Amino acid sequence: MIQEAGAKAAEKKVRIPRQAMPEQDPKVRTANFREVALGYDENLVCLEAGRCLQGKRPLCMQGCPVEIDIPRFIARVRERDFLGAVRVLKNRNSLPAISCRVCPQESQCEARCVLGKTGEPCAIGRMARFVIDYERESGRIQIPEVAPPTGRKVAVVGSGPAGLTLAGELAKHGVGVTVFEALHAPGGVLVYGIPEFRLPKAIVREEIEYLEKLGVVFRTNYVIGKIRTVDGLLEDHDGVFIGTGAGAPVFLNIPGENLCGVFSANEYLTRNNLMKAYLHPEYATPIARGQNIVVFGGGNVAMDSARTAVRLGAGRVTVVYRRTREEMPARAEEAHHAEQEGIRFQVLAAPVCFLENEAGWVRAVRCQRMRLGEPDASGRRKPVPVEGEFFELEADAAIVAIGNRSNPLIPRTTPGLEVSRAGNIVADPVTGRTSRDRVWAGGDIVTGSATVILAMGAGRKAALDMLRCFGIPYREDAAQVAA
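Computed from a predicted structure; not experimentally measured.

Caption draft 1: The overall build of the protein chain, seen in detail. Along the protein chain, the regular secondary structure elements total 19 helices and 15 strands. For 483 residues, the compact-globule estimate of 2.2 N^0.38 gives 23 Å, and the protein chain sits close to it at 23 Å. Principal axes of the C-alpha set define a box for the protein chain whose edges measure 70 × 60 × 50 Å. Here the protein chain holds 483 residues, and 55% of them are scored as buried. Surface accessibility of the protein chain: about 21400 Å² in total, with carbon and sulfur atoms responsible for 52%.

As structure tokens, then:
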């Protein structure tokens, strides 16, 4: 009888359709760098929250790397207690305005949602974005109570999502945190890698300011491994966290790759994001504004590069990927947006060489047809060249977005720090501890290129382990618990 009633309740919830995210029209947004997703309003967010079954065994929480109490958060939304919902998010997440925009919820929390078994899962990320934006736009940003100073000091190397998450967690517990950033603005990949139309830089800046209000200190233009070493930091800090990411590009290693007009995605996106080339002529950052641009790769970085090129005025943008559309690792939403914006996909193709014009610039790329063979180590079918089948694509600029690797500077200057064959720092996946005493690491520098939310999860795990090592008891946010 109880099971039957539960099934009827679930069926009723499923009848409420998943609420679509309002977006800029594709014809409009390709001419600007404003955010594509416009966000829910109060009616949409409450309709979506009403779909949640509020089950006793919420599987969605198992899919959240930072362990947010998702049912409690949604319950606050249903009650229209939006600031209470924010408190639930911030209790476990120091960067909620960022994660709700770039986290692949469809493969994390939403993938575990019970509603997804019979229909579409709850739009958890979209609801989170609404309440966080509501807090900011209403001018009622809440700063949690910070524990009294413990006398402990931690140095964080790198201000990407892993380092920022760790910094926020430790600061709330009374630990003095200084973040050292090599570039001139904090944020790591959040500011140099992700385009404005997906993650506005003002949002990142506000999250940094939130951490500063918690007591976190940022030192920019400070290259650890050059100005100071990890060992030098350990002289006046109780611990060091390495979160330098995977910012060194991987190249194709084919003839002509050094021609003018061939960029790594890292360089192309950094010129646009951190150096503001998209604000030309206000900023005179040099960048190739080609008419025929080819992008190599099938991940989110490839989509970001292609969609940026469209907004910079390219007449034709083609994404070349060696597998099929189904195997592309990019978020389905990002690939869909790219298609809406007129970007073409040339799948089952791989570049073999770049061709140059008389001035030494790229004029075309020669590609080979591919087919799918047996599955490789990734579980996807391996692309195999089709003998004798080649074609050319005209290109006056090309962007290589096939992956990244770790910068070797920190391992080279830190004796005894164990690294993998790929050059990543070896760290315990549960605690973040490395082979060096009092040194932790997390994020892409450990895993290789991954998602923002996984890096945040690694930062939080390392923070909790540091607290245990320092003898500092973990505390839930008092305001959130009272709520």
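Picking up after the structure, the text goes on.
Caption draft 2: Quick peek at helix H15 (residues 332–340). Every buried residue belonging to H15 is among Glu334, Ala335, His337 and Ala338, and all of these are buried. One side of H15 holds all its buried residues, which, seen down the axis, span an arc of 160 degrees. The secondary structure elements touched by the buried residues of H15 are helix H2 (26–29), helix H14 (300–311) and strand S9 (344–347). Of the residues trailing H15, Gly342 is marked for its positive phi of about 90 degrees.

Caption draft 3: Summary view of the environment of Thr431. The residue Thr431 is located in the loop between helix H16 (409–412) and strand S15 (439–441) in this model. By relative accessible area, Thr431 is classed as buried at 15%. For the pair formed by Thr431 and Met466, sequence separation is 35 residues and the distance between their alpha carbons is 8.4 Å. At 3.2 Å, the side chain of Thr431 and the backbone nitrogen of Arg433 are in polar contact.

Caption draft 4: View of the confidence of the model for the protein chain. In the predicted model, the protein chain carries a mean pLDDT of 92, and the fraction of residues at 70 or more is 96%. Confidence drops under a pLDDT of 50 for residues 478–483, and excluding neighbours within four residues, the segment shows eleven contacts in the predicted structure.

Caption draft 5: Representation of the packing of helix H3 (residues 42–49) against helix H4 (residues 70–78) within the structure. Relative orientation of the contacting elements H3 and H4 amounts to 130 degrees, with a least axis distance of 9 Å. When the axis of H3 is compared with that of H4, the two are oblique. Between H3 and H4 lies a crossing of left-handed hand. Together, Val45, Cys46 and Ala49 of H3 and Ile74, Val77 and Arg78 of H4 make up the contact between the two elements. Among the residues making up the contact of H3 with H4, the classes are represented as five nonpolar, no polar and one charged.

Caption draft 6: Representation of the sheet that holds strand S12 (residues 381–394) within the structure. With respect to topology, three strands assemble into an open sheet ordered S10-S11-S12, the strand pairing being antiparallel. The sheet is open, and its two edges are formed by strand S10 (349–356) and S12, each paired on a single side. In this sheet, adjacent strand axes meet at a mean angle of 20 degrees when their direction is disregarded. Summarising the sheet, strand S11 (residues 362–375) and S12 pair through nine bridges and their orientation is antiparallel. For Arg366, the partnering residue across the bridge sits in S12 and is Glu392.

Caption draft 7: Region of the structure containing the sheet that holds strand S7 (residues 292–296). Strand order in the open sheet formed by five strands is S6-S13-S7-S8-S9, and the pairing between neighbours is parallel. Where the open sheet ends on each side, the last strands, each with one partner, are strand S6 (262–264) and S9. When strand polarity is set aside, the average angle formed by the axes of neighbouring strands in this sheet is 20 degrees. Note that strand S8 (residues 316–321) and S9 share four bridges and pair parallel. Residue pairing in the sheet places Tyr321 in a bridge with Val347 of S9. Helix-sheet contacts for H14 involve S7, S8, S9 and strand S13 (397–400), and the interaxial angle to S8 is about 165 degrees.

Caption draft 8: Just the pairing of S7, in detail. Burial runs high along S7: five of the five residues are buried. Here S7 shows a buried face lined by Asn292, Val294 and Phe296 and a second buried face lined by Ile293 and Val295. Taken together, the five bridges between S7 and S8 define a ladder with parallel strand orientation. Residue pairing across strands places Phe296 opposite Val320, the latter belonging to S8.

Caption draft 9: The nonpolar core, seen in detail. One finds Phe73, Ile98, Val131, Leu166 and Leu170 to be the most contacted residues of the largest nonpolar core, which totals 74 residues. Considering every element that reaches this core, the biggest residue donor is helix H18 (residues 452–470), with ten residues. Each residue touching Val131, except ones within four places of it in the same chain, is listed here: Phe73, Val77, Phe82, Ala85, Val86 and Leu89. Residues Phe33, Phe263, Ala314 and Ala335 belong to the second largest nonpolar core, which totals 31 residues.

Caption draft 10: Quick peek at H14. Across its twelve residues, H14 extends 17 Å between first and last C-alpha, which sits within 8% of the 16 Å expected from 1.5 Å per residue. Counted residue by residue, H14 has ten buried out of twelve residues, so it is predominantly covered. Where H14 is concerned, the buried positions are Ala302, Met303, Asp304, Ser305, Ala306, Arg307, Thr308, Ala309, Val310 and Arg311. In the segment just after H14, Gly313 is the residue with positive phi, at about 105 degrees.

Caption draft 11: Representation of unusual backbone geometry within the structure. For the bond from His280 to Pro281, the omega torsion is 10 degrees, close enough to zero to count as cis. Counting through the fold element by element, Pro281 comes out in the loop between helix H13 (265–273) and S7. For Gln54, which is not a glycine, the phi torsion comes out positive at approximately 50 degrees. Here Gln54 shows up in the loop between H3 and H4. Gln54 gets classed as partly exposed once you look at its relative accessible area, which sits at 31%.

Caption draft 12: Molecular detail of the packing of aromatic side chains. Throughout the structure, instances matching the rule amount to eight aromatic pairs. Plain terms: the ring middles of Phe180 and Tyr222 are 4.9 Å apart, the flat faces sit at 55 degrees to each other, and that makes the pair tilted. With a gap of 42 residues between them, Phe180 in strand S2 (residues 176–180) and Tyr222 in the loop between strand S3 (217–219) and helix H12 (230–234) connect regions that are remote in the sequence. For the pair shown, Phe180 and Tyr222 are each scored as buried.

Thresholds applied
Residues numbered from 1 in each chain as written. Predicted model: local features only at pLDDT ≥ 70, side-chain atom pairs only at ≥ 80, totals over all residues. Heavy atoms only, no water. Helix = DSSP H or I, 4+ residues; strand = E, 2+ residues; numbered from the N terminus. Rg over C-alpha atoms; globule rule 2.2 N^0.38 Å. Buried < 20%, exposed > 50% of the residue type's maximum accessible area, 1.4 Å probe, protein only. Areas by Shrake-Rupley, 256 points an atom, 1.4 Å probe, with all protein chains shown as cover. Arc of directions from axis to C-beta. Contact = heavy atoms within 4.5 Å. Polar contact = N/O pair within 3.5 Å; in protein donor to acceptor, adjacent residues only side chain to side chain. pLDDT = per-residue confidence, 0-100. Axes fitted to C-alpha atoms, helices over the stretch in contact; angles between N-to-C directions. Parallel < 35°, antiparallel > 145°, perpendicular 65-115°, else oblique. Left-handed = near helix turned anticlockwise from the far one by under 90°. Nonpolar A, V, L, I, M, F, W, Y, C, P; charged D, E, K, R; others polar. Pairing = 2+ DSSP bridges. Core = buried A, V, L, I, M, F, W, Y, C linked by side-chain atoms within 4.5 Å. Expected span 1.5 Å × (residues − 1). Phe/Tyr/Trp six-rings, centres within 6.5 Å; stacked < 30°, edge-to-face > 60°.

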